[in-house]
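For reference, the chains in residue letters:
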Amino acid sequence: LAGWHLEASGPVIQLCPRGHEIIGIRHNDLDRLPDLPPPPHDEQEQVDAFYEELQDAHKAWDSLLAKDESRLVIKLQPGETMVVANQRCMHG
C-alpha cells in the first residue's frame, strides 16, 4: 500500500487541569472538522449558524498565525538539520 493513514484524537484546545491556562492546541489545516451527515430539516438554521461561527473562528485563528510576531523563520544551509518537538510548536 502507498500513502499515509494518520489518526489521532483529543481536544482541540487543551486546558491545564489545575487552572484555565491553555497548554495545547491541536491544529491541522487538512482536517479541521470531520464530514458530518446532513442535519434534519428543522435544524438547518442552527447548523448554518454553527458553520458561520466556525468559519469566523478559523479566519481569526489564521490571522493570528499569519502575524510576523507568531513566526520564527530559520534558514538552513545545505546539509544542516533542524529537529522540532512536534507537540511543542506548530511547524510547516
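Look above for the structure.
This section reports on the structure supplied with the text. All values reported here derive from a predicted model rather than from experimental measurement.

**Quick notes on the overall build of the protein chain**
Thought 1: What the protein chain contains, in helices and strands, is 1 helix and 2 strands.
Thought 2: Along its sequence from the N terminus, the protein chain presents helices and strands in the succession β-β-α.
Thought 3: Counting every position in the protein chain, which comprises 92 residues, the buried fraction comes to 2%.
Thought 4: Partitioning the intrachain contacts of the protein chain with sequence separation of at least 6 by distance along the chain shows that 27% fall at a separation of at least 24.
Thought 5: Summing over all exposed atoms, the protein chain offers an accessible surface of approximately 9300 Å²; the carbon and sulfur share of this is 54%.

**Some details on the packing of aromatic side chains**
Thought 1: What the rule picks out here adds up to 1 aromatic pair.
Thought 2: Ring geometry for phenylalanine 50 against tyrosine 51: centres 5.1 Å apart, planes inclined by 80 degrees, an arrangement best described as edge-to-face.
Thought 3: By relative accessible area, which is 42% here, phenylalanine 50 ends up partly exposed.

**So, a nonpolar patch on the surface**
Thought 1: Taken together, the side chains of Val12, Ile13, Leu15, Ile22 and Ile25 make up a nonpolar region of the molecular surface, amounting to roughly 450 Å² of accessible area.
Thought 2: Within the secondary structure layout, valine 12 lies in the segment before β1 (13-15).
Thought 3: Take valine 12: its relative accessible area is 54%, and that puts it in the exposed class.

**Focus on the pairing of strand β2 (residues 22-25)**
Thought 1: Sheet topology places β1 next to β2; 3 bridges connect them, and they run antiparallel. Across the sheet, the residue bridging to glutamine 14 is glycine 24, located in β2.
Thought 2: In textbook terms, the turn of a hairpin is the stretch between consecutive antiparallel strands, and for β1 and β2 this stretch comprises 6 residues.

**Regarding a negative patch on the surface**
Thought 1: On the surface, a cluster of negative charge is contributed by Glu45, Asp48, Glu52, Glu53 and Asp56.
Thought 2: Among the secondary structure elements, aspartate 48 is positioned in helix α1 (residues 44-66).
Thought 3: Taking the relative accessible area as the measure of exposure, aspartate 48 reaches 36% and is therefore partly exposed.

**Structural notes on the environment of arginine 26**
Thought 1: The residue arginine 26 is located in the loop between β2 and α1 in this model.
Thought 2: For arginine 26, a relative accessible area of 45% corresponds to the partly exposed category.
Thought 3: Distance from arginine 26 to valine 12, taken between C-alpha atoms, is 4.8 Å for residues 14 residues apart in sequence.
Thought 4: Setting aside its immediate chain neighbours within four residues, arginine 26 contacts Ala8, Ser9, Gly10, Pro11 and Val12.

Basis of the calculations
Residues numbered from 1 in each chain as written. Predicted model: local features only at pLDDT ≥ 70, side-chain atom pairs only at ≥ 80, totals over all residues. Heavy atoms only, no water. Helix = DSSP H or I, 4+ residues; strand = E, 2+ residues; numbered from the N terminus. Buried < 20%, exposed > 50% of the residue type's maximum accessible area, 1.4 Å probe, protein only. Contact = heavy atoms within 4.5 Å. Areas by Shrake-Rupley, 256 points an atom, 1.4 Å probe, with all protein chains shown as cover. Phe/Tyr/Trp six-rings, centres within 6.5 Å; stacked < 30°, edge-to-face > 60°. Patch = residues over 30% accessible without salt bridge, like charges linked within 9 Å, V, L, I, M, F, W, Y side chains within 5 Å. Salt bridge = Lys/Arg side-chain N within 4 Å of Asp/Glu carboxyl O. Pairing = 2+ DSSP bridges. Lys, Arg positive; Asp, Glu negative; His and termini not counted. Charge placed at Lys NZ, Arg CZ, Asp CG, Glu CD.

Just distances and angles here, no functional claims.
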